[in-house]
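A look at the structure
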Amino acid sequence: MSMQNQDKRNSGGQGFNTSAIRNRMPSADMHEHSSPIYMTSSFTFESAEEARDLFSGESQGNIYSRYSNPNTDEFINKMMVLEHCEDGVPLASGMSAMFVSILAHLNSGDHLVASRSIFGSTHQIITQILPRWGIEYSYVDIGGDEYRQNPRRAWEEALRPNTKMLFCETPSNPGLDIIDLEMLGKLCRNRGILFNVDNCFATPYFQNPRDFGADIVGHSATKFIDGQGRSLGGVLLGSSEAIEPIRFFARHSGPALSPFNAWILSKSLETLGLRMERHADNAEKIVEFLKGRREISWVKYPHDPDHPGYSTAKKQMRRGGAMVSFELKDGLKAGISFLNSLEMISLTANLGDSRSIATHPASTTHSKLSPGERATVGISDGFVRISAGLEDAEDIIQDIQQALERS
Ligand SMILES: *Cc1c(COP(=O)(O)O)cnc(C)c1O
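Residues numbered from 1 in each chain as written. Predicted model: local features only at pLDDT ≥ 70, side-chain atom pairs only at ≥ 80, totals over all residues. Heavy atoms only, no water.

**Regarding the overall build of the chain**
We count it as follows: Put simply, DSSP H or I for four residues or longer makes a helix, DSSP E for two residues or longer makes a strand, and each gets a number counted from the N terminus. The atom set for the radius of gyration is the C-alpha atoms, and the globule formula is 2.2 Å times the number of residues raised to the power 0.38. The rule is simple: take the accessible area with a 1.4 Å probe, protein chains only, and divide by the maximum for that residue type; under 20% is buried, over 50% is exposed, in between is partly exposed. Whether two residues are in contact is decided by their heavy atoms: any pair within 4.5 Å suffices. We get accessible surface area from the Shrake-Rupley algorithm with a probe of 1.4 Å; when it comes to residues, only the shown protein chains can shield them.
Tallying secondary structure elements over the chain gives 17 helices and 11 strands in all. Relative to the globule expectation of 22 Å for 407 residues, the C-alpha radius of gyration of the chain, 22 Å, shows essentially globular dimensions. Its C-alpha atoms put the chain at 75 × 50 × 35 Å along the principal axes. Relative to its 407 residues, the chain shows a buried fraction of 56%. The contacts in the chain between residues at least 6 apart in sequence include a share of 73% that link residues at least 24 apart. Working note: accessible area of the chain is about 17,300 Å², and carbon and sulfur atoms make up 49% of it.

**Quick notes on the site of the ligand**
The condition that has to hold: In these notes, residues near a molecule or strand are those with any non-hydrogen atom within 4 Å of it. Here a polar contact means two N or O atoms within 3.5 Å. Within protein one must be a hydrogen donor candidate and the other an acceptor candidate, and residues neighboring in sequence count only if both atoms are side-chain atoms. Gly is put with the polar residues, along with every residue not named as nonpolar or charged; the nonpolar set is Ala, Val, Leu, Ile, Met, Phe, Trp, Tyr, Cys and Pro, and the charged set is Asp, Glu, Lys and Arg.
What surrounds the ligand is a group of 13 residues, the closest being Met95, Asp198, Ser220, Thr222 and Lys223. Note that an oxygen atom of the ligand is positioned 2.8 Å from one of the backbone N or O atoms of Met95. The contact in question runs from an oxygen atom of the ligand to an N or O atom on the side chain of Thr222, over 2.6 Å. Relative to its unbound accessible area of 380 Å², the ligand is 92% covered by the protein chains. Counted by class, the shell around the ligand contains 5 nonpolar, 5 polar and 3 charged residues.

**Re a nonpolar patch on the surface**
For clarity, the cut-off: A patch consists of residues exposed above 30% relative accessible area that lack any salt bridge, with like charges linked at up to 9 Å and nonpolar side chains (Val, Leu, Ile, Met, Phe, Trp, Tyr) linked at up to 5 Å. By salt bridge we mean one thing: a side-chain nitrogen of Lys or Arg within 4 Å of a carboxyl oxygen of Asp or Glu.
Judged by side-chain polarity, Ile37, Met39 and Phe260 come together as a nonpolar surface patch covering roughly 280 Å² of accessible area. Here Phe260 shows up in helix H12 (residues 259-269).

**Points about the packing of aromatic side chains**
Condition: When two rings of Phe, Tyr or Trp (its six-membered ring) have centres within 6.5 Å they constitute a pair, described as stacked for plane angles under 30 degrees, edge-to-face for angles over 60, and tilted for the intermediate range.
Scanning all chains against the criterion turns up 8 aromatic pairs. Centre to centre, the rings of Phe16 and Tyr205 are 4.8 Å apart; their planes meet at 70°, and the pair counts as edge-to-face. Linking Phe16 in helix H2 (residues 16-22) with Tyr205 in helix H10 (residues 203-206), this pair joins segments that are 189 residues apart in sequence. The residues Phe16 and Tyr205 share a single accessibility class, namely buried. Here the aromatic rings of Phe99 and Trp133 are separated by 6.3 Å at their centres, their planes lie at 65°, and the arrangement is edge-to-face. With Phe99 in helix H5 (residues 94-103) and Trp133 in the loop between helix H6 (120-129) and strand E3 (136-140), the pair connects residues that are 34 residues apart, well separated along the chain.

**Here's the deal with the domain arrangement of the chain**
Operational definition: Domain start and end points were adopted from an automatic or database domain assignment. We define buried area as the total accessible area lost by two parts upon association, computed with a 1.4 Å probe and summed across both.
Its domain assignment divides the chain into domain 1 (16-269) and domain 2 (272-406). Each of domain 1 and domain 2 has a C-alpha centre, and the two are 26 Å apart. On the domain 2 side, the residues contacting the 36 residues of domain 1 number 38 residues. Taken over both partners, the interface formed by domain 1 and domain 2 buries close to 3,200 Å², and the fraction arising from carbon and sulfur atoms is 59%. Looking only at domain 1, the three residues that lose the most surface to domain 2 are Pro174, Phe206 and Phe224, adding up to 25% of its buried area. Linking domain 1 to domain 2 there are 3 salt bridges. As a salt-bridge pair, Lys315 and Asp180 come within 2.9 Å of each other at their nearest N and O atoms. At the junction of domain 1 with domain 2, the criterion picks out 21 residue pairs in polar contact (both at pLDDT 80 or more).

Shown next, in the form of structure tokens:
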């Protein structure tokens, strides 16, 4: 870890926005107010002795941008403060973060337990890549009534003597199911299991899994952290012990975050708090509008009292976030026609953008699954997911309304 990381850990006690705005790399000699971009692959040494000390770890500093860089350092230092974590590693994308978080820790013969409702590519890693390397997995279905009656038992039943890591995403994608982080944090601590949480949907502004016992907190920074659909990025944060092997694995396997993307992402953090408040305002207004519509059988939003995970969401999330899901009564046909009728809301494979986005998983991301398989991850034929953007709420709602009327 660089010296800058050490300094930043002591700058706690500031508010979220102040930390996100004021933490920065040491200023260069140009008196620049805003951090510059260090597009350099390597850094020079004053002498052979200095090089020796840097390589041996006896002194701290930049050597090569796959190891560290002022821009990626600035970004990860802010993220550590915002996620209440002692250490962190910046990565090239959310998926490199998920991959490294698992592979840096698990060995052949180990077992992973994960919630079944997770991001599509994470599912591919767990089911297609891990078994090739002798790592076993079990899924826990989190959407159904049986799970809700006793969530703890569902997780306990999945554990084996060789279970080394528990992975989950909450709110889940795309079903917006809620998993009790405090419950899993305690379970993992009692059993000596690493607790790994993908916190992408909530963002550190609304939820801090480390406070509930997570050892590793991962993000796709591509989503709300960038916030304008420009750059890919990822982070892994957590306890020093959990991050140490992750840093080793990432440094030598190479999924390094570009300094340019880190510069964008660090700038984006300055407005994350402001943006998330507005995202949540808009999401709440969309929920309110949808609830009165006859075309819809249900609406799901973590901080809506009708959500089955409402009390848990209230406990662990400061607000309900930017994602809303609902079901069109007329199923597949209505879903396709709703998307085709939208005039402003974007149809694109992203979320967490300033522009509102609609997706219909049954005809796109989850079309290869059978209706039964889709049901286990909470997706029905008429299921639609909205990522509430930052446009004026009236315009978003107006677009949804006209599309509902035409579909
Ligand atoms: C998008 C996403 C990822 C993957 O991130 P990339 O930056 O696209 O690689 C992982 N988890 C969740 C929850 C996501 O939404």
